[in-house]
Amino acid sequence: MADNPGEKESAVESVTEKITEKFHDHDSSSSSSDSENEKSSSSPSAVKPKIYRILGRERPLHKVLGGGKPADIFLWRNKKISGGVLGVVTAIWVLFELLEYHLLSLVCHILIFSLATLFLWSNASTFINKSPPQIPEVSIPDEIILGVASALRVEINGALTILRDIASGKDLKKFLAVIAGLWLVSILGGCCNFLTLFYICFVLLHTVPVLYEKYEDHVDPFAEKAHAEIKKQYAVFDAKVLSKIPRGPLKDKKFA
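The sections below set out a description of the structure shown in this document. Here the structure is a predicted model, which is why all the values come from computation and not from measurement.

Considering all chains together, one arrives at 2 aromatic pairs under this definition. On the numbers, 4.8 Å between centres and 5 degrees between planes, the contact of Trp-93 with Tyr-199 is stacked. Taken as a pair, Trp-93 in helix 4 (residues 79-98) and Tyr-199 in helix 8 (residues 194-214) lie far apart in primary sequence, 106 residues in all. Per residue, the accessibility class of Trp-93 equals that of Tyr-199, and both read buried. Measuring from centroid to centroid gives 6.2 Å for Phe-198 and Phe-202, while their planes differ by 35 degrees, and the two rings are tilted.

Structure below.
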């Protein structure tokens, strides 16, 4: 008995439909899993929250300090150089502050010792059959002087511009910050002289940044809380005091 060709075609079509349905089910399941993965990756919970850093910095502390050799010294990248610089500054402070030595006397004594040593060496070289000292010719290039003068000019002009903006009454917050800073410096100046103040600042620059870089993940949360509390207290102070102070005519003036 011969098979019906119509039945064979229907059987082949049913098998083909089942195979295509399986492929469609696999594609839809894979696409749904991919979409779920994309949703989970783009969900807010997957995005890491922005970490608060002191002064709102987003760059590493080494870049904030200017990078290069000064930042390496302050962050103790080379312990021998950093320790040597700190030791020299400490010796200068002890010499001038504790031993009450004077700068002019020190410079004169160093020059006397250096010139006497070179003079005796140059004259004694003929008797001891040794070559005289090779004293190099030292001259300061014009480019260095012009570069330093240009850098100082830019910094002084910037400082004068900031002082002018503060004195014109355009930024009350900056004005209060500068007044508070100057008042604090005046208090410190009454407690110690300039050399001691400079030495304290230098020691702080050699200790605070390196300690902060080591423990910044523990320090920044406390700094964030302190910053939020300061902003809260400033808002209260602004609402009760600063908002009641009459503004000058330059406050509302628009500058081109």
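That was the structure; now back to the text.
All right, on to a nonpolar patch on the surface then. A surface patch of nonpolar side chains, about 790 Å² in accessible area, is lined by Ile-140, Ile-144, Ile-145, Val-148, Leu-152, Ile-156, Leu-160 and Leu-163. Mapped onto the fold, Ile-145 is located in helix 6 (residues 142-167). For Ile-145, a relative accessible area of 48% puts it in the partly exposed group.

Further remarks concern helix 4. Between its first and last C-alpha atoms helix 4 spans 27 Å; for 20 residues at 1.5 Å apiece the expected length is 28 Å, and the two agree. Where helix 4 is concerned, the buried positions are Ser-82, Val-89, Trp-93 and Phe-96. Taken around the axis of helix 4, the buried residues stretch over an arc of 85 degrees, which confines them to a single face. Residues of helix 4 that are exposed and angled more than 90 degrees away from the buried face: Lys-79, Lys-80 and Leu-98. On its buried face, helix 4 is in contact with helix 3 (68-74), helix 5 (103-124) and helix 8. Of the residues that open helix 4, the one with a side-chain oxygen 3.3 Å from the backbone nitrogen of Lys-80 is Asn-78. With its phi angle positive at about 55 degrees, Glu-100 sits one or two positions after the end of helix 4.

Our focus in this paragraph is the side chain of Ser-82. Within the secondary structure, Ser-82 is located in helix 4. Of note is the side chain of Ser-82, whose polar atom sits 2.8 Å from the backbone oxygen of Ile-73. Not counting chain neighbours up to four residues away, the residues in contact with Ser-82 comprise Asp-72, Ile-73, Trp-76 and His-206.

You will see that Trp-76, though not glycine, has its phi angle at about 55 degrees, which is positive. Take Trp-76: it is sitting in the loop between helix 3 and helix 4. In this structure Trp-76 comes out as partly exposed when scored by relative accessible area, which is 26%. The backbone of Glu-100 shows a phi angle near 55 degrees, a positive value even though the residue is not glycine. Tracing the sequence through the fold places Glu-100 in the loop between helix 4 and helix 5.

Time to look at the side chain of His-206. As for its placement among the helices and strands, His-206 is situated in helix 8. In this view, His-206 contacts Ile-73, Phe-74, Trp-76, Ser-82, Val-85 and Leu-86; residues no more than four positions away in its chain are not counted.

Interaxial distance between helix 4 and helix 8 falls to 11 Å at its minimum, and their mutual angle equals 165 degrees. The orientation of helix 4 with respect to helix 8, classified from their angle, is roughly antiparallel. Classified by chirality, the crossing of helix 8 by helix 4 is left-handed. Where helix 4 abuts helix 8, its residues Ser-82, Val-85, Leu-86, Val-89, Thr-90, Trp-93, Phe-96 and Glu-97 lie against Leu-195, Thr-196, Tyr-199, Phe-202, Val-203 and His-206.

What counts and what doesn't
Residue numbers run consecutively from 1 along every chain, following the written order of its sequence. Residue-level local features of this predicted model are given only where pLDDT is at least 70; pairs of side-chain atoms are given and counted only at 80 or more, and the full residue set underlies all totals for whole chains, interfaces and linings. As a convention, hydrogens and water are excluded, and side-chain values are obtained from all of the structure's heavy atoms. We call Phe, Tyr and Trp rings a pair once their centres come within 6.5 Å, taking the six-membered ring for Trp, and we label the pair stacked below 30 degrees between planes, edge-to-face above 60, and tilted otherwise. Under the scheme used here, helices are H or I runs from DSSP no shorter than 4 residues and strands are E runs no shorter than 2 residues, and both carry numbers assigned from the N terminus. Throughout this description, buried means an accessible area under 20% of the type-specific maximum (1.4 Å probe, protein chains only), exposed means over 50%, and partly exposed covers the range between. Every patch collects residues that have over 30% relative accessible area and no salt bridge, joining them within 9 Å if they carry like charges and within 5 Å if they are nonpolar side chains (Val, Leu, Ile, Met, Phe, Trp, Tyr). Computed with the Shrake-Rupley method and a 1.4 Å probe, the accessible areas treat only the protein chains shown as cover for residues. Counted as salt bridges are all cases of a side-chain nitrogen of Lys or Arg within 4 Å of a carboxyl oxygen of Asp or Glu. An expected span of 1.5 Å times one less than the residue number is assigned to each helix. Arc definition: it is the arc formed by the directions from the helix axis to the C-beta atoms. Every residue pair with non-hydrogen atoms within 4.5 Å of one another is taken to be in contact. Each polar contact in these results corresponds to two N or O atoms within 3.5 Å; when the atoms are within protein, one needs to be able to donate a hydrogen and the other to accept it, and residues that are neighboring in sequence are counted only if both atoms are side-chain atoms. Simply put, an axis is a line fit to the C-alpha atoms, just over the touching stretch for a helix, and the angle between two N-to-C directions goes from 0 to 180 degrees. The scheme is simple: roughly parallel for angles under 35 degrees, roughly antiparallel for over 145, roughly perpendicular for 65 to 115, oblique for anything else. In this scheme the crossing of two helices becomes right-handed for a clockwise turn of the near helix relative to the far one and left-handed for an anticlockwise turn of less than a right angle.

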